[in-house]
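Okay, here's what each chain looks like letter by letter:
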Amino acid sequence: MAESGSRPNTVPCSIPTPNNMGVVRYVLALAVVVAHFNTLAGYDVWFPMSSYSGVGGFFALSGFLIYGSYIRKPDLKTYLLSRARRILPAYWITVLFFAFVFGFISTAGIRDYFLSGEFWRYVVCNMAFLNFLQPALPGVFSGFDIPAVNGSLWTMKVEWCLYLTPPAVAWLIRRLRVSPTLMFVLIYIAACGYRIAFRIMYENTEEEIYNIVGRQFLGQLSYFYIGVLCRYWFDEFMRHKYLLMVGAAVLMLLCDYVPYGYILIHPLALSVMVVWFSMVGRWGTWEGKRDNISYNIYLMHFPVIQMFVYFRGEGSVSAAPAFMLCISVVWVLSWILNMVEIRIRRRLQGAV
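In every chain, residue numbers begin from 1 and rise along the written sequence. At least 70 in pLDDT is required for a residue's local features to be given in this predicted model, at least 80 for side-chain atom pairs to be given and counted, and no such filter applies to totals for whole chains, interfaces and linings, which use all residues. To obtain the side-chain values, all non-hydrogen atoms of the structure were used and water was disregarded.

Draft legend 1. The overall build of the protein, seen in detail. Across its full length, the protein carries 15 helices and zero strands. Computation of the radius of gyration draws on C-alpha atoms, with the globule rule given as 2.2 Å multiplied by the number of residues to the power 0.38. Taking 2.2 N^0.38 as the reference for a compact globule, 352 residues should give roughly 20 Å; the C-alpha atoms of the protein span a radius of gyration of 21 Å, in line with that estimate. Dimensions of the protein along its principal axes, counting C-alpha atoms only, are 65 × 55 × 40 Å. Taking all 352 residues of the protein together, 49% fall into the buried category. In this analysis, two residues are considered to be in contact whenever any of their non-hydrogen atoms come within 4.5 Å of each other. Sequence separation of at least 24 residues holds for 78% of the intrachain contacts in the protein that already meet a minimum separation of 6. Within the protein, one finds 28 positive and 18 negative side-chain charges whose respective centroids are separated by 15 Å. Going along the chain from the N terminus, every DSSP run of H or I of four or more residues is numbered as a helix, and every run of E of two or more is numbered as a strand. For each residue, the accessible area found with a 1.4 Å probe, counting protein chains only, is set against the maximum for its type, and the residue is called buried under 20%, exposed over 50%, and partly exposed in between. In summary, the charge assignment counts Lys and Arg as positive and Asp and Glu as negative, without counting His or the chain termini. Here the site of a charge means NZ on Lys, CZ on Arg, CG on Asp, or CD on Glu.

What follows is the structure in structure tokens.
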């Protein structure tokens, strides 16, 4: 794909369909579910991928898909409405559903629970992607080491902020008349620099706030824009796919040996591998015959695990049946959520 100053935002070529991306999404979601299950419920279920990689992989796939979507139809209103219809219905339903249901297990009592300012702060803050301002509900999981209702929701404000960058980046490319590739690489370098700066501050002060801020929106641009770069050069990516996979695997192995390797190298290696498994071969195309609910699983799993821990109490339940119970409940709730949100999205689309 040739680059040109006069055509800085060349429309990326089409990606093959059907592809394996749906299965890859489930694997990424499962990595996060297993990690939170272990942390919240106190088990040690093994999974070959960390939640860190699962979240980064989702951001890489978002970049791979979203930038091309905007460039193909660069209308800001249409783009934002499309993104909002995709993520908001399921997100808002999840926030409201658990806020209501957990009133019945709150130690505050039903009346005090729903009249509590803490309850309304939770609803407003979480609906507005500000989960960090009010992560807990009154009298719910208050004795837990982690009393948050849905600790996974911090990524949603990051995802939404990432969605806002393609129009701005496309405008900068046109305005500055620079190579898109150069712009994407500079964003990657800046994101890595940002994360390293906050990591150093954390190491010097041991203040957790620096660690938290470092992994927010600006720090996740590295995954997102490697995904963008893979889509922009997709023809070349597929032409050299095996060489790229070998290179990504080598870089992944080097993460433990290079200073700040999981900041400097991991986003590049992981993003290439996630796109590779999504696009190379047809081993996962069977999944495309039905709706993908990986996003719903991501939204639903944390409060379900918290609820399992609450009802388990001090009793001993072995890891395998505990995990199967949690993932089964998550799966059922995710399918129900999928059916509801489809109807809402159709109505919203018809209203526009």
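That shown, we press on.
Draft legend 2. Local environment of the environment of Val185. Within the element layout of this structure, Val185 appears in helix α7 (residues 180-205). Sequence separation between Val185 and Phe323 is 138 residues; the distance between their C-alpha atoms is 41 Å.

Draft legend 3. Examining the packing of helix α2 (residues 51-72) against helix α6 (residues 154-176) more closely. Axis definition: a line fitted to C-alpha atoms, limited for helices to the stretch in contact. Angles are taken between N-to-C directions and run from 0 to 180 degrees. Running from N to C, α2 and α6 point in directions that differ by 35°, and their axes come no closer than 10 Å. The chirality of how α2 crosses α6 is right-handed. Counting all contacts with α2, which are made through Val55, Phe59, Ser62, Ile66, Tyr67, Tyr70 and Ile71, the residues of α6 involved are Thr155, Val158, Glu159, Leu162, Tyr163, Pro166, Pro167, Val169, Ala170 and Ile173. Residue classes follow a fixed rule: Ala, Val, Leu, Ile, Met, Phe, Trp, Tyr, Cys and Pro count as nonpolar, while Asp, Glu, Lys and Arg count as charged, and any other residue, Gly among them, counts as polar. Partitioned by chemical class, the residues of the contact of α2 with α6 number 14 nonpolar, two polar and one charged. Less than a right angle of anticlockwise turn of the near helix away from the far helix marks a crossing as left-handed, whereas a clockwise turn marks it as right-handed.

Draft legend 4. Structural context of the packing of α2 against helix α13 (residues 266-279). α13 packs onto α2 with a crossing angle of 65° between their chain directions and a minimal axis gap of 9 Å. Taken as axis vectors, α2 and α13 run roughly perpendicular relative to one another. Helix-helix and strand crossings are classified by hand; for α2 and α13 the assignment is right-handed. Counting all contacts with α2, which are made through Tyr52, Ser53, Gly56, Gly57, Ala60, Leu61 and Phe64, the residues of α13 involved are His266, Leu270, Ser271, Val274, Val275, Ser278 and Met279. Comment on the angle field: the value is read as roughly parallel under 35 degrees, roughly antiparallel over 145, roughly perpendicular from 65 to 115, and oblique elsewhere.

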